[in-house]
Structures are given as structure tokens and as C-alpha cells.
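Chain by chain, the residues run as shown.
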Amino acid sequence: MSKARHSLTRTGLVHLALIGYAVISIFPVFLTLINSMKDRNAIFRNPMQVPTFETFDLVGYTTVLGQGDFATYFQNSFIVTVVSIALVLLFGAMAAFALSEYRFRGNMLMGLYLAIGIMIPIRLGTVAILQGMVATGLVNTLTALVLVYTAQGIPLAVFILSEFMRTVSDDLKNAGRIDGLSEYSIFFRLVLPLVRPAMATVAVFTMIPIWNDLWFPLILAPSEATKTVTLGSQIFIGQFVTNWNAVLAALSLAILPVLVLYFIFSRQLIRGITSGAVK
Amino acid sequence: MTDIPSSHDATGLIKRPKRWHIGVFLLPAFIVYSAVMILPLIETLRLSLFNTVDGQSTFVGLGNFKVLFGDERWSEDFWNALKNNVIFFIIHMLVQNPIGVALAAMLSIQKLRFAAFYRTAIFLPTLLSFVIVGFIWKLILSPIWGVSPYLMDLVGLKSFFSPWLGKPNSALIAVSLISVWQYVGIPMMLIYAALLNIPEEVIEAAECDGVTGWSQFWKIKLPLILPAIGIISILTFVGNFNAFDLVYTVQGALAGPDGATDILGTLLYRTFFGFQLQLGDRSMGATIATVMFLIILAGVSLYLFVIQRRIRRYQF
């Protein structure tokens, strides 16, 4: 009896601690969202209150949408992220297939070479990357960003995908070979569909740092036409520091896509992590 | 690197056709990765040995490093940034990783209700961009808005409030804790995964021997998740010595107040790009990047060749 009560208190304390930390995690986001929909006075007088009928005001959003080129920024971020992920997945899966399927001289060496990028951040090469982009005339283009993010994403993609491709049965591939499929069709038609779950995991892991990156857009593509959402909101907020309505609205607009994506992909993401994809 | 390896049969008598497809599969990844990542990295390391003398790029050996470590124009900034970066890392190790382990330990309790909700909520900040995180916390900690004083008043601590981000001796701690807030989800998830991978039988055996609760965590689970703790430590190390974005969004490129939050990433940005009156300097930028590279390389090697080999792994 006493033991049962003991474990009940313990569970209670665990819940208390977890709720406490969950509140700390969510509170800042919540605070931003509710205040972005209030008028200026209410923001300052009563920051903790949810917008009521009297204090509800969308002036911040109208300022943001009227002033900044947020539609362009979103489009840029979207293009860069989607194209980079597609290239990372395609190139990464091809290399992973070559490394896990065939035995050839230099296999091990190539694997190690591609693994360097998991630990060494690409950012350290910025000086020379900028030089190269200037030389090839790619500065202030989205291509520059796509190239950098593709190179950045390939190492982890190869690592995770080759682990998964080792689990695809040899019999299946050999049956394909006997039926006269070329190595390319074996890869595209047999292996790729089977590693789709792993590809989704890689996609999610690759997506977050690309969407949120500030360093490379700031250095490689700071022009008005190529700004990403992250850089755009950084600059916008910098200019509107004193207009709290606009700042809070801009922050909320930047949070929303991440929230939506998170709710779509969170199961995939968590399953990916807990299944040991990143061990 | 072998792009298109020619393969001979072991006997050497029967010659197999060249397997071009291996090259085709490897080539795109190899080219992009080499051209955009590895070659620029090598070029950056090379540039750190050159400097502009009389408008000409000249080989100066380790001259740039001598300037960075010893010259009074540079060394003060550099050692300050390095010291701050070390403090930044220590705070992460002492606060972020223990909290992450504790949260994971609580989440992995069997039949815990709402576990999925807690997991989702705690992982959320990790997905937000630095811009969002930086500005939200700037607003919350701002004395003008008064959210933090109000909250501290609720628990009777109002007198302890001060504008932490604006004071030189508390700014670095405040920024580090913001970063901890953002990233605690990563150690939590990795440790959580490691805890889930511990087989039932081990836990049941421990329970049969009367090892439960706290002592079960310390004596059974913790040794089993040590490899995962090693991984989160090295990830934290690499991430921290490469950090830039959060300091830039919270404190700007000057990493104020008075350089109190300057870390290697922001120093690299200012040096390479120039800021306000300071002109950009490519060679010194490359030199700082090289120092960061060497620090990260040292950390990763220490982990791979010393720590990882000492940690006992248990096979089930």
C-alpha cells in the first residue's frame, strides 16, 4: 500500500517537472503570438493577457505585409529549401548506394572522406566559398545557397542512408539482376522505394538548418531579390525595433511555417531520432 | 579518390567489364561536396598563411597567427572571444546536457501519460530560427516591456531583476542560457532514444535484484547511455565553437555590451566582412577560421581516438 502511494507521488513529481519545463519551452512562443494580435497600449499594459474583443488589433500584420517583401522572402526560402533537399536526397542516396552495394578499391576511403563533413562545419570555409562564388558570378543568386546547402547536407545523408541500404535484401536485388534490370533501375525502382522512410528522416534533418540559416544568406545572397525569410525578418525587425506591433507580427509570421511543418513531420522526426538513425 | 575504379577478378584471368555505374553513382555527391566544401576549406587554410603586402598576396608563414595571438590590435579581441567561447561551452555542458538527460530519464518512464505532448513541447524551440529565438528573448528580458519583472514578482524575486543582456558581467551567461533553452531538445531526444534501446530484460533483472528508482538510474541506465552522452558532448562542442547566429541576433555583430558576448563566430564575421569603421580583412578572417578549424579538429580527434575508445559499450 505504502509502496503504491510512494510511486504515485513520484509520478506526480515527474509530471510537475515535465509540465514546468514544457511551459518554459512554449511560453515565449505563446507570448509572442498573443501579443502580435493586440493593440499597442494593450501590449504594454497587459502583456500576459490574451487578446480580448477591445484589445484585438491586426495593425502589426498589416504593417509587415505592407512594408516588407515577405512574399518574395518566403518564395526564396521555399525554393532554396526544396531544391537543396531534393539534391541532397538524390545525390546522397546515389552515393550511399554505391558505398553500401559494391565492393571496390577506395570504398572505405571514400566513405571516410564523405564523413568528414558530418563533424567539420562548412561555415569554416566561408572565406574561400565567397571567393569562389564571386569568381563564378554566383553571388546574390539562390544557386549559391543551394550549392552550399547541398554540400552541407550530403555527408549526413550518405551516412544515414547507407546504414539503411545495407538492410535491403540482397536476394531482391539479385532477382532484379537476373531479370535483366540494369544497376540504375535496381537503384531507382527497387532500392529507393524501400528506403523511403529513411529518406523522410534525412529530409527533416536537412530542412531545419537550411530554413533557419542566417550566416550564408547574409554573406552569399543579401540582395533584396534573394533574401530568405530568416534574413528578411532579421533586417525587418532591425529597422522596426520601436514598432512593437510590427516586430511581434513579423516574429509570428516567421514562426507559423515552422509550427505547421513541425506538426506535419513531428512523428517522422521523433521516430527517426528514436529509431537510431542518428546514432 | 577513386571515381571510376577498375576491378579485376581475384585470379586476374577473367576480366570483368568496367563498372562505370559505381562512378556515376558517386560522382554528383563527390563533385558538389568537394567543390563547395572540401576545396574551400583547404583554400581557407592556405589563405591563412598569406597576407597582402604592398598590394601583393605574399606568403607570410605563420605571421598571421603571430599577429592574431600577439599583436595588440588583434590579440585582445581574439583571447576575449576565445575565453567567452569556452565559457559558452562550459555553460552548455553544465546546464543543457544535465537538463537534457534528466528530461529524457523522466520521459522514458514506462506508461507515462502525455509523454508525446511533453516531448513535442520541449523539442519545439530547437526548430525555431535564431532570429525568432533571439528577438523573443530580447523582448522578454527587456525592462521596457516588463514581462520578466512581472513574472519574477509572482514568485517574490522582483528585486533580483536586472537588464541582464545589457550588463557586461551577465550578458554572456544570459545569451548562453537562451541558447540552452533553444537546444535542450537535442540531448533530450538522443538520450531518450538511447534509454529506449535498453532491453527490458536488463531492467527486469535489476528490479529482481531490488535495484529500482534512483539507484537503478545511476547504476544501470547511466553506464549504458554513456556512449550517447559522449555523442551529445561532442555535438555540443562542435556547435558551440561554430556558433554565431544567436549572438548576432541578440547582441548584433559587435557582440556587446563592450565585447562581453563576443565569440569566435562573431569575431570571424567582423574580421572577414568588416563592420562599421573596420575594414574587412580576408587573410585575418581565414586565420581565425583556421584557428576555429583546429580547435574543432582537436575536440573531434580527442573524442574519436581517446574518449570513444575508453567508453565501454555493451552489446545486447
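Residues numbered from 1 in each chain as written. Chains lettered and ligands numbered in written order. Predicted model: local features only at pLDDT ≥ 70, side-chain atom pairs only at ≥ 80, totals over all residues.

The secondary structure content of chain A amounts to 13 helices and zero strands. In sequence order, chain A lays out its α and β elements as α-α-α-α-α-α-α-α-α-α-α-α-α. The C-alpha atoms of chain A give a radius of gyration of 24 Å, which is well past the 19 Å a tight globule of 279 residues would have. Taken along the three principal axes of its C-alpha coordinates, chain A extends 75 × 75 × 35 Å. Burial analysis of chain A (279 residues in total) assigns 44% to the buried set. In chain A, once contacts between residues fewer than 6 apart in sequence are set aside, the share between residues at least 24 apart is 76%. (Helix = DSSP H or I, 4+ residues; strand = E, 2+ residues; numbered from the N terminus. Rg over C-alpha atoms; globule rule 2.2 N^0.38 Å. Buried ≥ 20, exposed ≤ 12 C-beta atoms within 10 Å, placed from the backbone. Contact = placed C-beta atoms within 7 Å.)

With that out of the way, let us pick up the overall build of chain B. Tallying secondary structure elements over chain B gives 13 helices and four strands in all. Over its C-alpha trace chain B gives a radius of gyration of 25 Å, far above what one expects of a compact globule, namely 20 Å for 316 residues. Each principal axis of the C-alpha distribution contributes one length, and for chain B these read about 70 × 65 × 30 Å. A burial count over chain B gives 39% of its 316 residues as buried.

Often, the extent of an interface is quoted as the loss of accessible area on bringing the components together. Facing the 66 residues of chain B at the interface are 67 residues of chain A. Of all elements in the fold, only α1 (20-47), α3 (72-107), α4 (115-127), α5 (130-141), α6 (147-154), α8 (185-196), α11 (245-251) and α13 (282-310) of chain B reach the threshold of two or more residues within the side of chain B that touches chain A. Among the elements that line the side of chain B that touches chain A, the one with the most residues is α1 of chain B, at 15 residues. When the residues that make up the side of chain B that touches chain A are grouped by side-chain class, the tally is 50 nonpolar, 11 polar and five charged. (Nonpolar A, V, L, I, M, F, W, Y, C, P; charged D, E, K, R; others polar.)

Turning next to the nonpolar core. Counting residues in each nonpolar core, the largest one holds 161 residues, and the members touching the most others are Ala95, Val148 and Leu161 of chain A. Counting residues per element, this core draws most heavily on helix α7 (residues 142-165) of chain A, which supplies 17 residues. For Val148 of chain A, the residues in contact, after removing those within four places along its chain, are Ile122, Ile129, Phe216 and Leu220 of chain A together with Val36 of chain B. (Core = buried A, V, L, I, M, F, W, Y, C linked by C-beta atoms within 7 Å.)

So, on to the UniProt feature "transmembrane region" (unreviewed entry) in chain A. Residues and elements named next belong to chain A. In the UniProt entry, the feature "transmembrane region" (unreviewed entry) is given for residues 12-34, 78-99, 111-130, 142-165, 186-211 and 246-265. End C-alpha to end C-alpha, residues 12-34 measures 30 Å, and it is 100% helix and 0% strand. Structurally, residues 78-99 comprises 100% helix and 0% strand, and the distance from its first C-alpha atom to its last is 31 Å. (UniProt positions renumbered as here; feature names shortened; annotations may be inferred.)

Moving on: the packing of helix α10 (residues 213-240) of chain B against α13 of chain B. All names here are of chain B. In contact at an axis separation of 9 Å, α10 and α13 are set at 170 degrees when each is read in the N-to-C sense. In terms of their interaxial angle, α10 and α13 are classed as roughly antiparallel. Listed contacts from α13 to Gly230, Ile234, Phe237 and Val238 of α10 are Ile296, Gly299, Val300, Tyr303, Ile307 and Gln308. Across the contact of α10 with α13, the residue classes tally to seven nonpolar, three polar and no charged. (Axes fitted to C-alpha atoms, helices over the stretch in contact; angles between N-to-C directions. Parallel < 35°, antiparallel > 145°, perpendicular 65-115°, else oblique.)

Time to look at the domain arrangement of chain A. Splitting chain A by domain gives domain 1 (2-59) and domain 2 (75-212). One C-alpha centre belongs to domain 1 of chain A, the other to domain 2 of chain A; they are set 41 Å apart. (Domains from an automatic or database assignment.)

Residues and elements named next belong to chain B. Within this structure's numbering, the places UniProt gives as "transmembrane region" (unreviewed entry) are residues 20-42, 86-109, 121-151, 171-195, 224-244 and 284-306. Within residues 171-195, the helical portion is 96% and the strand portion 0%, while the C-alpha atoms at the span's ends are 35 Å from each other. Along residues 224-244 one finds 81% helix and 0% strand; the C-alpha atoms at either end are 34 Å apart.

Residues and elements named next belong to chain B. On average, residues of chain B score 85 in pLDDT, and 93% of them reach the 70 mark or higher. Within chain B, helix α7 (residues 171-183) carries the highest mean pLDDT (94), whereas strand β4 (residues 278-279) carries the lowest (76). Confidence drops under a pLDDT of 50 for residues 1-13, and excluding neighbours within four residues, the segment shows 26 contacts in the predicted structure. If you check the scores for this complex, the pTM reads 0.86 and the ipTM reads 0.85. (pLDDT = per-residue confidence, 0-100.)

With that out of the way, let us pick up the UniProt feature "domain: ABC transmembrane type-1" (unreviewed entry) in chain B. In the numbering used here, UniProt assigns the feature "domain: ABC transmembrane type-1" (unreviewed entry) to residues 82-305 of chain B. In the segment residues 82-305 of chain B, helix accounts for 72% and strand for 2%; the C-alpha atoms at its two ends are 24 Å apart.

The phi dihedral of Asn140 of chain A is positive, around 60 degrees, even though this residue is not glycine. Here Asn140 of chain A lies in the loop between α6 (126-135) and α7. Of note in this structure, Phe114 of chain B is not a glycine but carries a positive phi near 65 degrees. The residue Phe114 of chain B is located in the loop between α3 and α4 in this model. Overall, the presence of 14 C-beta atoms within 10 Å leaves Phe114 of chain B in the partly exposed class.

By secondary structure assignment, the location of Val29 of chain A is in helix α1 (residues 2-35). C-alpha separation for the pair Val29 of chain A and Phe188 of chain A, spaced 159 residues apart in sequence, amounts to 42 Å. In this view, Val29 of chain A contacts Ile255 of chain A together with Leu124 of chain B; residues no more than four positions away in its chain are not counted.

Mapped onto the elements, Lys167 of chain B comes out in the loop between α6 and α7. Discounting residues that sit within four places of it in the chain, Lys167 of chain B has contacts with Ser162 and Pro257 of chain B.

We now examine the pairing of strand β2 (residues 56-59) of chain B. All names here are of chain B. Here four bridges tie strand β1 (residues 50-53) to β2, and the two strands are oriented antiparallel to one another. Looking at the pairing, Thr52 lines up with Ser57 of β2. Taking the residues between adjacent antiparallel strands as the criterion, β1 and β2 are bridged by two residues, where Asp54 takes a positive phi near 50 degrees. (Pairing = 2+ DSSP bridges.)

Turning next to the packing of α1 of chain B against α13 of chain B. Residues and elements named next belong to chain B. For the pair α1 and α13, the least separation of the axes is 7 Å and the interaxial angle reads 115 degrees. With respect to each other, α1 and α13 are oriented roughly perpendicular. The crossing of α1 and α13 is left-handed. Seen from α1, the contacting residues are Thr44, Leu45 and Leu47; seen from α13, they are Arg282, Ser283, Ala286, Ala289, Thr290 and Phe293. Residues that form the contact of α1 with α13 fall into these classes: five nonpolar, three polar and one charged. (Left-handed = near helix turned anticlockwise from the far one by under 90°.)

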